[in-house]
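# Close look at the chain arrangement
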There are 2 protein chains.
Amino acid sequence: MKKNYRTGRRFTGYLLLVLLSFPLLARSILTGEDGYRLWLKYDPISSPVLSDKYRHQFSHWQVLGESQTLQVVRQELDYAFRGLLGKSLPVARSSEASLIIGRLANLPAPLRIEVEQSVPASKEGYLIKTIRYRGKTVNVITAKTDIGALYGTFRLLRQLQTLQSVDTMHIASEPKLKIRVLDHWDNLNRHVERGYAGQSIWDWHKLPEYIYQRYYDYARANASVGINGTVLNNVNADPLILTPRYLDKVTALADVFRPYGIRVYLSVKFSAPQLTGGLKTSDPLDPAVRQWWKNKARDIYQKIPDFGGFLVKANSEGQPGPGDFGRTHAEGANMLADALAPYGGIVMWRAFVYANEKHEERSKQAYSEFKPLDGQFRDNVLLQVKNGPVDFQPREPVSPLFGATPNTSLMMEFQITMEYLGFSTHAVYLGPLYKEVLETDTYAKGQGSTVAKVIDGSLFGHRLSGIAGVSDIGSDRNWTGHILLQANWYVFGRLAWDHTQSAAGIAGDWIKMTLTHDEQAVAAIEKMMMASREVTVNYMTPLGLHHIMGTGHHYGPGPWVDSLPRDDWNPVYYHKADQAGIGFDRSPRGVNAVEQYFSPLREQLSDPQTTPEKFLLWFHHLPWDYKIPSSGRTLWNELVHRYYQGAADVKAMAAQWDHLQDKLDPLQFEQVRMAFVIQQQEAEWWRDACVLYFQQFSGQPLPDGLEKPHHTLAYYEQLSFPYAPGQGGK
Amino acid sequence: MKKNYRTGRRFTGYLLLVLLSFPLLARSILTGEDGYRLWLKYDPISSPVLSDKYRHQFSHWQVLGESQTLQVVRQELDYAFRGLLGKSLPVARSSEASLIIGRLANLPAPLRIEVEQSVPASKEGYLIKTIRYRGKTVNVITAKTDIGALYGTFRLLRQLQTLQSVDTMHIASEPKLKIRVLDHWDNLNRHVERGYAGQSIWDWHKLPEYIYQRYYDYARANASVGINGTVLNNVNADPLILTPRYLDKVTALADVFRPYGIRVYLSVKFSAPQLTGGLKTSDPLDPAVRQWWKNKARDIYQKIPDFGGFLVKANSEGQPGPGDFGRTHAEGANMLADALAPYGGIVMWRAFVYANEKHEERSKQAYSEFKPLDGQFRDNVLLQVKNGPVDFQPREPVSPLFGATPNTSLMMEFQITMEYLGFSTHAVYLGPLYKEVLETDTYAKGQGSTVAKVIDGSLFGHRLSGIAGVSDIGSDRNWTGHILLQANWYVFGRLAWDHTQSAAGIAGDWIKMTLTHDEQAVAAIEKMMMASREVTVNYMTPLGLHHIMGTGHHYGPGPWVDSLPRDDWNPVYYHKADQAGIGFDRSPRGVNAVEQYFSPLREQLSDPQTTPEKFLLWFHHLPWDYKIPSSGRTLWNELVHRYYQGAADVKAMAAQWDHLQDKLDPLQFEQVRMAFVIQQQEAEWWRDACVLYFQQFSGQPLPDGLEKPHHTLAYYEQLSFPYAPGQGGK
């Protein structure tokens, strides 16, 4: 049998060292924060001054109206104030309230007149304003809709949770993107594809009758950051989801989520008419097929009047699609769009498509497939594009599709779950990744044509806009398997609402709401989080390397893998290391993937000297002694340096965390501490395996002074992980 | 596609009725008891009088000694007293203590002399005694070992949790069975075979570094009822569990459990020497094979000095075994026993064996296989026998093996998980089932030879004794998927410690510790629990019917199934309904399974007139108009009556529960309420499907006045549940 790197003999001494350097071994912690409450802990505010001030300002509050959403507002405020301001607080509901919450239309006329100019136009926007009313100071949260009022309520609570001033508030906010959804790659058997936090939180067997409190808390957490949709099931969709039995289960969830402003969407299998409908074809131009989908949409909307729509993975990785019937993606998407349009539903059609038969380089295929279809999609179709042209790597350049389809609404697909980033034991804050992508200039309409402007519709004037995050949520008590990874759910939601916010600022809010208010600790953790993604890129895939992880499960390094049936599934296809050098020549001298970008980006990426170092080996195959401009090191030495630096940085992060012990809840501290033990080991595993593997080609020694790899390359190559979590096809 | 019974059209009206009859619909409950704390809630004692008394008596306490187990005692006492007696209680640790806990050897001499005569002889026994010492009243908890002191501590806490008097305590207790284990049918991919409460609580991927608090709480709960062992993995064992990588993970769990007196055991695959050891055979008489197991045992004990031993499913349902090499079960078991003996380990060898090739009736096979081997097993082997001769049915007669092997130690295998009893949505308290089995007289050595005396070793004078419960624990927040099913884990442990206790008394304790102290509510819930198993037998398999559930997943009724490759996998094999009648003739006129029982049980079961009605159709095929002595009804009418009575009783239980709403925590109440909605529907599903199916053969009408079945038989027959939880082979 293959052995595990973690328990090899040579590691024993090292492990002992690691253990000795941690004073705390695992122990029972009976009273601690297990992480379930996320960023909605509402623990008592420790500053008596602030607490008094908040209590004075909010102890009399009134919610105007009786909708389910406003009942949620009441419940949340009651719960939050009791927590934040002390259980003894008398929560009064009086017309003499100093905090008034309600839809604009429900406000008393004088109050309405006072604020209506400041209320954002969008349905979901809100206004929080401190005004003088009837001779006293009153705080008003209002909006065009009840959902807006709920968003405003969570916004006010954040002010308190982060200990902000509430003296003269004037906060007006509305979302820059209309569709802000989590994609759950959850199977009906509760296996989560690429899930690393237990199983699916949807207990399909017990639905529709049995409703977990967790379903409500999921909705609360999403609403608190402005997420307004959820795709319940895997894009590798099971056709059973559209059968009446499962639609009743979906309906039960939709009923739970509705008051929180969250619409339910479903992933559908394109061949459902054949698989569950008894039809002989699923051809999108066949009238019976079109009618089947129309009937299906009608049935769904009878149960779920605010159903969001469909997400489709078609003609990709073995999934059926319109191509099976000689039709285009547009013809397939439009058929579904036509079925949903009468009810206001939308289609999110994935652009993650690559077909072997074309023999085109994989990173180029989505663009080649969809660019020619621009303008052919119905206006309730969103083309859902992954941020990079390959697949959620630790770092990729942006997909060339962004900006390339002026007549088609594109939405972003980010991954929140850690498929390629260490599962749920590596602390990687994704805020910087998201921001790097969103702020990338595509030059589609000249300078300033950022990806953010493409997807928010402003660049080409689209009505529909959206963003999806592939969820990192599972049944683990702390939701995401790692406390710090809760921040990725949080930052996704916050950026989905407003992509101009800073990743650091959002991290700071999250830390204060989740971990600690100690200023030094907040600063230290924020710094650690902001650096964490670059650290991981360094020990996994520095300098533009990509897709060199273990096969199938994507756990750990596997740059040697060369035996998969498709060439573009093999890591060797992506790094192309040989004695001459390393990297994928996607320049005009190679596969010319750069041609899909706009000028001047195209030209910049065509030349190694003008290509950002972070993308160097993505676009160029370079000799081992190529000089890296920023450091003056040879490529080989720079590569080695980055791997070692990444691993060393993890060690430093772990040590930093240990120093914060006194500032943190013991159970939160301990959970993260244990994960850091694993991350340290795995960072060195990545470093050693990759350096040894590439050394075969460079033929050069390790620079002086570096710790020797813990094992031989042969050792790393024979490791096997048949039960690594999150695998596909289960 | 097949439809679901729950959502069929005709059910709509019915469902509406059900919903209207429940004032509460599901709603968010932000502050409630989610069930995680089990019976160790330690909420403040509401009676000020009692609380004062306890506080007075226990506020100064001292634990003598520094072992890990005694640290656990300290932590538990501190946590429990703070909870039960109020957070403001000053928990002093002083030599002036009025509560002293420690091993006998650690007590001050005068104290030791005072109590040592009363301390039970067994290592795990304990004494709780109130004495006069140094002129004041002192409560002593002592034992031969630290583990005994821990058990005594939990026993004292139970006194407080159930509001008992602590004025003059003299409680001496020791376990009647030595091995008291939970069997986890948990796969390494976290799927739990026959698990209905989420996935496995063992996160193998994150072990050994990442230790969930849940592991500790699992150990606490087990220790609190005296469970002293855990078999971590499925009896359908994966050979990887014995590889170094997984043994390191097992070691981490063993380290967690050790202070709580819980030993770790593993299920092993008999062909492991071939599958992971590189040998060409697994023949138990082959020297290389024997050496391989010896080396494996040595390796395990190096890591886990108190490792418990192996559990083996061999030559059963496709598992490999000694029979593959022409060897007997004894030869197979003894090889493993010899490998473990030097370290004090044991082998639990399952008697759940049935082989098609023999063409003997399935209920007879285990006896036929093992009876001839009596006397051939090493004395560190326990033969693990399921309570009934078929497979954990809602009701079975006891296995004829009990009492049949005077020279072999038998241990009991009970099922705690609800494979055949409605998964985790039917409220079935198993105390009465366990007691019915344990108190059954086998007549092996004349009257009074109960099953309990067989397994506790007293009947035949065996040193080793044991009991195993197939766990109902999973990752669900409330552990067992249904609050009331926590009681089955609890009652299993309590009866494993002392099988003479009453099921009702244990239920009462559990209710007080878990749900409420309201006397009326306790009485009502206890009554409901005590009746619940009989209710379920009635709506599933009345009068001795068995194994008529859906195929594979065992969800819902499937008496019509006749297409499985083995005849004895088909429900029709077991009920044998035809126009002449129904039931399995296992009398001497039939397959003569009764011959395996001792006289006079054998004769009693041979005659329908003397066979208890509860086993009637287990042993006899009887005509539809056979007169049931107790009721005077015909067999057909009695069968129908029982099905309808069972379903009606569930409705009554659910209504009863609703009446208790004010006495219960809102979240606990709501969880059980929702499960009752499902149980009511499923009880009627069972009733309708079975009555309609058997009616085909009886040709008789339903008695007057009974509600018509909700659907046709054809409807029930086409229902399909591909994702029913807990299926094997996943």
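Residues numbered from 1 in each chain as written. Chains lettered and ligands numbered in written order. Predicted model: local features only at pLDDT ≥ 70, side-chain atom pairs only at ≥ 80, totals over all residues. Heavy atoms only, no water.

## Here we look at the overall build of chain A
How we decide: Going along the chain from the N terminus, every DSSP run of H or I of four or more residues is numbered as a helix, and every run of E of two or more is numbered as a strand. For the radius of gyration, the atoms used are the C-alpha atoms, and the globule rule reads 2.2 Å times the number of residues raised to 0.38. Categorising residues by exposure relies on relative accessible area from a 1.4 Å probe, with only protein chains included: less than 20% of the type maximum marks a residue as buried, more than 50% marks it as exposed, and the intermediate range marks it as partly exposed.
Helix and strand counts for chain A come out as 22 helices and 15 strands. By the compact-globule yardstick of 27 Å for 730 residues, chain A fits well, its C-alpha radius of gyration being 26 Å. Along the three orthogonal principal directions, the C-alpha set of chain A runs to about 80 × 70 × 50 Å. Counting across all 730 residues of chain A, residues that qualify as buried make up 67%.

## So, the interface of chain A and chain B
Formally: The contact definition used throughout considers only heavy atoms, calling two residues in contact when any of these lie within 4.5 Å. Values labelled buried area give the accessible surface lost by two parts on being combined, using a 1.4 Å probe and summing over both. Here a polar contact means two N or O atoms within 3.5 Å. Within protein one must be a hydrogen donor candidate and the other an acceptor candidate, and residues neighboring in sequence count only if both atoms are side-chain atoms. Amino acids outside the nonpolar list (Ala, Val, Leu, Ile, Met, Phe, Trp, Tyr, Cys, Pro) and the charged list (Asp, Glu, Lys, Arg) are all regarded as polar, and Gly is one of them.
Counting residues at the interface gives 62 residues for chain A and 62 residues for chain B. Here chain A packs against chain B, burying approximately 5000 Å² in sum over the two surfaces, 58% of which is carbon and sulfur. Applying the counting rule to chain A against chain B returns 20 residue pairs in polar contact (both at pLDDT 80 or more). Elements supplying a minimum of two residues to the side of chain A that touches chain B: α3 (68-85), α6 (213-225), α7 (244-257) and α21 (666-698) of chain A. Classifying every residue of the side of chain A that touches chain B by side-chain character gives 28 nonpolar, 20 polar and 14 charged.

## Observations regarding the packing of helix α16 (residues 519-540) of chain B against helix α20 (residues 635-659) of chain B
All names here are of chain B. Formally: Simply put, an axis is a line fit to the C-alpha atoms, just over the touching stretch for a helix, and the angle between two N-to-C directions goes from 0 to 180 degrees. Here the angle decides the label: under 35 degrees means roughly parallel, over 145 means roughly antiparallel, 65 to 115 means roughly perpendicular, and every other value means oblique. Should the near helix be turned anticlockwise from the far one by less than a right angle, the crossing is termed left-handed; should it be turned clockwise, right-handed.
Where α16 meets α20, the closest approach of the two axes is 8 Å, and the angle between their N-to-C directions is 150°. Relative to α20, the element α16 lies roughly antiparallel. Crossing geometry of α16 relative to α20 is assigned as left-handed. Residues Ala524, Ile525, Met528, Ser532, Val535, Asn538, Tyr539 and Met540 of α16 form the contact with α20, whose own contacting residues are Arg642, Tyr643, Gly646, Ala647, Asp649, Val650, Met653, Gln656 and Trp657.

## A closer look at the domain arrangement of chain A
Residues and elements named next belong to chain A. Let me state the cut-off plainly: The domain limits used here are those given by an automatic or database domain assignment. Each reported salt bridge corresponds to a side-chain nitrogen of Lys or Arg within 4 Å of a carboxyl oxygen of Asp or Glu.
Along its sequence, chain A is carved into domain 1 (48-173), domain 2 (179-515) and domain 3 (539-584 + 621-718). For domain 1 and domain 2, the distance between their C-alpha centres works out to 33 Å. Contact residues are listed per partner, giving 16 residues for domain 1 and 17 residues for domain 2. In this assembly, domain 1 packs against domain 2 so that about 1400 Å² is buried in total across both faces, 55% of it on carbon and sulfur atoms. By the criterion of area lost to domain 2, the three top residues of domain 1 are Tyr151, Phe154 and Arg158, representing 35% of everything that side buries. The interface formed by domain 1 and domain 2 includes three salt bridges. In this structure, Arg180 and Glu124 form a salt bridge, with 2.9 Å as the shortest nitrogen-oxygen distance. Along the contact surface separating domain 1 from domain 2 lie five residue pairs in polar contact (both at pLDDT 80 or more). Residue assignment for the side of domain 1 that touches domain 2 shows that the elements contributing at least two residues are α3 and α5 (146-161). Looking at the side of domain 1 that touches domain 2, its residues break down into seven nonpolar, six polar and three charged.

## What about the UniProt feature "domain: Glycosyl hydrolase family 67 C-terminal" (unreviewed entry) in chain A?
Basically, it comes down to this: UniProt positions are given in the numbering used here, feature names are shortened, and annotations may be inferred rather than shown by experiment.
This chain's UniProt record puts "domain: Glycosyl hydrolase family 67 C-terminal" (unreviewed entry) on residues 480-705 of chain A. Here residues 480-705 of chain A is 53% helix and 2% strand, with 38 Å between the C-alpha atoms at its ends.

## Quick notes on the relation of the copies chain A and chain B
Test applied: Our superposition of the copies is a least-squares fit, built on the C-alpha atoms of residues whose pLDDT is at least 70 in both.
Its rotation angle being 180°, the transformation that places chain A on chain B also includes 0.0 Å of axial translation and leaves an RMSD of 0.0 Å. Expressed as an axis order, the relation between the two copies is that of a two-fold axis. A symmetric contact is evident, with 100% of the interface residues of chain A recurring at the interface of chain B.

## Thoughts on the sheet that holds strand β4 (residues 136-143) of chain B
Residues and elements named next belong to chain B. Quick note on the threshold: DSSP bridges decide pairing: two strands pair if at least two such bridges lie between them.
Strand order in the open sheet made by the five strands is β1-β2-β4-β3-β5, with mixed pairing throughout. The two strands at the open ends of the sheet, each matched to only one other strand, are β1 (61-64) and β5 (170-173). Neighbour-to-neighbour, the strand axes of this sheet turn through a mean angle of 20°, independent of strand direction. As paired elements, β1 and strand β2 (residues 99-103) share four bridges and run parallel to each other. Bridge pairing links Val63 to Ile101 in β2. Strands in contact with helix α5 (residues 146-161) are β2, β3 (126-133), β4 and β5; relative to β3, the strand with the most contacts, it is inclined by about 75°.

## Looking at the confidence of the model for chain A
What counts here: pLDDT measures how confident the predictor is about each residue, on a scale from 0 to 100.
Mean pLDDT over chain A stands at 94; residues scoring 70 or higher make up 95%. Within the model, pLDDT remains below 50 along residues 1-24 of chain A, and this stretch shows 63 contacts once partners closer than five positions in the same chain are excluded.

## Here we look at the packing of aromatic side chains
Residues and elements named next belong to chain B. Counted only if it meets this: Centres within 6.5 Å are what make two rings of Phe, Tyr or Trp a pair, Trp counting through its six-membered ring; a difference in plane orientation under 30 degrees is then read as stacked, over 60 as edge-to-face, and the rest as tilted.
Taken as a whole and assessed by the stated rule, the structure comprises 81 aromatic pairs over all chains. Ring centres of Tyr196 and Phe423 lie 4.0 Å apart, and the angle between their planes is 15°; this geometry places the pair in the stacked category. Residue Tyr196 is found in the loop between β6 (179-183) and α6 (213-225), and its partner Phe423 is found in the loop between β12 (410-415) and α12 (431-438); the two are separated by 227 residues along the sequence. This pair shows no difference in class: Tyr196 is buried, exactly as Phe423 is. Taken together, a centroid distance of 6.4 Å and an interplanar angle of 50° make the contact between Trp657 and Phe676 tilted. In this pair, Trp657 is assigned in helix α20 and Phe676 in helix α21 (residues 666-698), connecting sequence segments 19 residues apart. On the basis of relative accessibility, which here comes to 0%, the residue Trp657 falls in the buried class. Exposure remark for Phe676: the relative accessible area of 1% places this residue in the buried category.

## As for the sheet that holds strand β11 (residues 381-386) of chain B
Residue and element names in this part refer to chain B. Strand order in the closed barrel formed by eight strands is β6-β7-β8-β9-β10-β11-β12-β13, and the pairing between neighbours is parallel. The mean angle between the axes of side-by-side strands here comes to 25°, regardless of whether they run parallel or antiparallel. With five bridges connecting them, β6 and strand β13 (residues 466-470) associate as parallel partners. Residue pairing across strands places Leu182 opposite Gly469, the latter belonging to β13. Here helix α7 (residues 244-257) sits on the sheet and contacts β7 (229-231) and β8 (263-268); the angle it forms with β8, its principal contact strand, is near 150°. Here helix α10 (residues 329-340) sits on the sheet in contact with β8, β9 (309-312), β10 (346-350) and β11, set at roughly 160° to β10.

## Quick word on the environment of Gly505 of chain A
Residues and elements named next belong to chain A. Residue placement: Gly505 occurs in helix α15 (residues 503-514). Of the residues examined, Gly505 reaches a relative accessible area of 35% and is grouped as partly exposed. On a C-alpha basis, the gap between Gly505 and Gly431 in space is 9.8 Å, while along the polypeptide they are 74 residues apart.

## Let's talk about the side chain of Lys435 of chain A
Residues and elements named next belong to chain A. Locating Lys435 in the fold gives a position in helix α12 (residues 431-438). Within the local environment of Lys435, its side chain forms a polar contact with the backbone oxygen of Gln501, the two atoms lying 2.6 Å apart. Among residues more than four places away in sequence, those in contact with Lys435 are Leu495, His499, Thr500, Gln501, Ser502 and Ala503.

## Observations regarding unusual backbone geometry
In this model, Ser599 of chain A is joined to Pro600 of chain A through a cis peptide bond whose omega is 0°. Looking at the secondary structure, you find Pro600 of chain A in the loop between β14 (581-582) and α18 (601-606). The omega angle of the peptide bond from Leu207 of chain B to Pro208 of chain B is 0°, so this bond is cis rather than trans. Here Arg190 of chain A, not a glycine, exhibits a phi torsion of approximately 75°, which is positive. Its location among the elements puts Arg190 of chain A in the loop between β6 (179-183) and α6.

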